[in-house]
Amino acid sequence: MSAWLLSLEGTEAGHVAALWLALLAAFLHAVFGALQKGRHDPWASRMAIDGWLVVLTFPMIFLVPWPEPHMWPLFVGMVAIHFGYKFLQAMAYMRGAYTVVYPVVRGTGPLFAVIGAWLIFGETFSTVQWMGLGVLLAGIFGLAVYNLIFLQTARETLVPALGYALATGLFVALYTTYDAYGIRATANPFTFLAWFFFLASLDFPLMMLVTPMRHRLAGVPLKPLLTRGLAGALVAYGSFGSVMMATRLDKVGEAAVLRETSTVFAAVIGWLVLRETVGPRRIALMTLIAAGAVIVELGG
């Protein structure tokens, strides 16, 4: 299967596959964020998700080719970046509603990911694509401003929540670019994916079990938490795996932008599942996000 996937690199079929993988990643990432933000403490939810990823992925690392020697330093950087992303995201989710925090996290990412793709991979956007990115960012940050002005619940923690969300978005851009470099640096992309899911998932279970943060697990019903964790782990395979494979097959910047349509999916999930108010103005702003992503794709 890896040989077939690698044969798609740089082809029109690879471009189409990357498009669908990025959109799949967008939907699944919105689901993933809702699973972490939902019923349980975000730290406990993330620990359960990562714990399942470690257990499920451990056998997989013996089914793929062993990493080349030059990959081990890249794995060290990958673990550090993803821990920073997960830590900041949990801090943001503790302080703000899902439909408030998530758009800012995802809105910051694509702009810096596009810049990183230009600096590292030499990718460029056309004028139309930059216009599309501007439309997408206007929708995403418009949501943040709207929430800042009109949101009535949890206003005392809103500014810190948006601050953590902004920092998380910077880490999203960092890991998007870094992971794209990593998955391109190994001969077999499944080698990178298997070791990514195993190594980058060790941190939260260890932190929650051997530090004072384990008090967050006190009194938490384990069966529902573990069930949510298993669901989150399975979704994570599709979400993070799809976008990394998309960046292997086609442009990093386009994949990063298309994935941010996850904000639209997040609004629907927040409204239907988490019972958070959306409203017509937020829907209009989310339409801008989807329109921006379409413009980026058509302008390529």
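Residues numbered from 1 in each chain as written. Predicted model: local features only at pLDDT ≥ 70, side-chain atom pairs only at ≥ 80, totals over all residues. Heavy atoms only, no water.

Visitor: How should I be thinking about the packing of helix 8 (residues 189–199) against helix 10 (residues 222–249) in this particular structure?
Guide: A packed helix pair is summarised by two numbers, namely the angle formed by the two axes and the spacing between the axes. Their axes nearest at 11 Å, the elements helix 8 and helix 10 cross at an angle of 145°. Classified by chirality, the crossing of helix 10 by helix 8 is right-handed. Taking contact as the criterion, the partners of Pro189, Phe190, Phe192, Leu193, Phe196 and Phe197 in helix 8 are, on helix 10, Ala236, Tyr237, Phe240, Gly241, Met244, Met245 and Arg248. Within the contact of helix 8 with helix 10, the residues separate by chemical class into eleven nonpolar, one polar and one charged. (Axes fitted to C-alpha atoms, helices over the stretch in contact; angles between N-to-C directions. Helix = DSSP H or I, 4+ residues; strand = E, 2+ residues; numbered from the N terminus. Left-handed = near helix turned anticlockwise from the far one by under 90°. Contact = heavy atoms within 4.5 Å. Nonpolar A, V, L, I, M, F, W, Y, C, P; charged D, E, K, R; others polar.)

Visitor: I'm lost on the nonpolar core in this one. Help?
Guide: Generally speaking, a soluble globular protein has its nonpolar side chains buried in company with each other. Within the largest apolar cluster, 58 residues are counted, with the highest numbers of intra-cluster contacts made by Phe192, Phe196, Phe240 and Met244. In contact with Phe196, other than residues within four places in its own chain, are Met78, His82, Asp179, Ser201, Phe240 and Met244. In terms of nonpolar packing, the next biggest core, distinct from the first, is built from 13 residues, Phe125, Leu133, Val257 and Met286 among them. (Core = buried A, V, L, I, M, F, W, Y, C linked by side-chain atoms within 4.5 Å. Buried < 20%, exposed > 50% of the residue type's maximum accessible area, 1.4 Å probe, protein only.)

Visitor: In this structure, what is going on with the packing of aromatic side chains? I would like to understand it.
Guide: Two aromatic rings are characterised by how far apart their centres lie and by the angle between their planes. A full pass over the atoms with the stated rule returns 19 aromatic pairs. Where Trp72 meets Trp195, the ring centres are 5.1 Å apart and the plane angle is 80°; that geometry is what we call edge-to-face. In this pair, Trp72 sits in helix 4 (residues 71–95) while Trp195 sits in helix 8, placing the two residues 123 residues apart along the sequence. (Phe/Tyr/Trp six-rings, centres within 6.5 Å; stacked < 30°, edge-to-face > 60°.)

Visitor: How should the confidence of the model for the protein chain be read in this particular structure?
Guide: When pLDDT is low, close inspection of the predicted coordinates is not appropriate. Averaged over every residue, the pLDDT of the protein chain is 81; the share at 70 or more is 88%. The least confident element of the protein chain is helix 1 (residues 2–7), whose mean pLDDT is 66; the most confident is helix 8, at 94. (pLDDT = per-residue confidence, 0-100.)

Visitor: Just to check I follow, could you spell out the pattern of salt bridges for this structure?
Guide: A pair can form between side chains of opposite charge whenever their charged atoms are brought close. Tallying each qualifying case throughout the model produces three salt bridges. Here Asp50 makes a salt bridge to Lys86, at a shortest N to O gap of 2.7 Å. Within this pair, whereas Asp50 is found in helix 3 (residues 42–57), its partner Lys86 is found in helix 4, the two being separated by 36 residues in sequence. Side by side, Asp50 and Lys86 carry an identical accessibility label, which is buried. Residues Lys86 and Asp203 are paired through a salt bridge, measuring 2.7 Å at the closest nitrogen-oxygen approach. A residue pair is termed long-range when its members are at least 10 positions apart, and Lys86 in helix 4 and Asp203 in helix 9 (residues 203–210) qualify at 117 residues. A network of salt bridges, in which partner residues are shared, links Arg46, Asp50, Lys86 and Asp203. (Salt bridge = Lys/Arg side-chain N within 4 Å of Asp/Glu carboxyl O.)

Visitor: How should I be thinking about the environment of Phe204 in this particular structure?
Guide: If you trace the backbone, Phe204 turns up in helix 9. Between the C-alpha atom of Phe204 and that of Asp50, which follows or precedes it by 154 residues, the distance is 6.7 Å. Once residues within four sequence positions are removed from consideration, Phe204 is found in contact with Trp43, Arg46, Met47, Asp50, Phe83, Lys86 and Phe87.

Visitor: Hey, could you run me through the side chain of Arg248 in this one?
Guide: Looking at the secondary structure, you find Arg248 in helix 10. Of note is the side chain of Arg248, whose polar atom sits 2.5 Å from the backbone oxygen of Ile183. (Polar contact = N/O pair within 3.5 Å; in protein donor to acceptor, adjacent residues only side chain to side chain.)

Visitor: Hey, could you run me through the environment of Leu162 in this one?
Guide: Within the secondary structure, Leu162 is located in helix 7 (residues 158–185). Owing to a relative accessible area of 13%, Leu162 belongs among the buried residues under this scheme. A C-alpha to C-alpha distance of 8.5 Å links Leu162 and Val105, two positions 57 residues apart in sequence. Discounting chain neighbours no more than four positions away, the residues touching Leu162 are Val100, Val104 and Leu148.

Visitor: When you look at the environment of Ala138 in this model, what are you seeing that I'm missing?
Guide: Its place among the elements puts Ala138 in helix 6 (residues 127–150). In this structure the C-alpha to C-alpha distance between Ala138 and Gly292, which are 154 residues apart in sequence, comes to 8.9 Å.

Visitor: Teacher, can you tell me more about empty space enclosed by the protein here?
Guide: Empty pockets left among the atoms are what a rolling probe the size of a water molecule brings to light. For the structure on display, the rule yields three cavities of 30 Å³ or more. Taken as a whole, the largest cavity holds about 90 Å³ of empty space. Lining the largest cavity are Phe32, Arg46, Asp50, Leu53, His82, Lys86, Phe196, Phe197, Ala200, Ser201, Ala236 and Phe240. Counting only elements with at least two residues in the lining of the largest cavity, the list comes to helix 3, helix 4, helix 8 and helix 10. The greatest single-element share of the lining of the largest cavity, amounting to three residues, is contributed by helix 3. Of the residues that constitute the lining of the largest cavity, the class distribution is seven nonpolar, two polar and three charged. By volume, the second largest cavity amounts to about 50 Å³. In this structure, the second largest cavity is lined by ten residues; those nearest its centre are Ala18, Leu19, Asp250, Ala255 and Leu258. Going through the elements one at a time, helix 2 (12–37) and helix 11 (252–259) are the ones with two or more residues in the lining of the second largest cavity. (1 Å grid on protein atoms, 1.4 Å probe; cavity = no way out; pocket = protein on both sides within 12 Å on 5 of 7 lines; lining within 4 Å. Points joined across faces, edges and corners; volume = space filled by probe spheres on them.)

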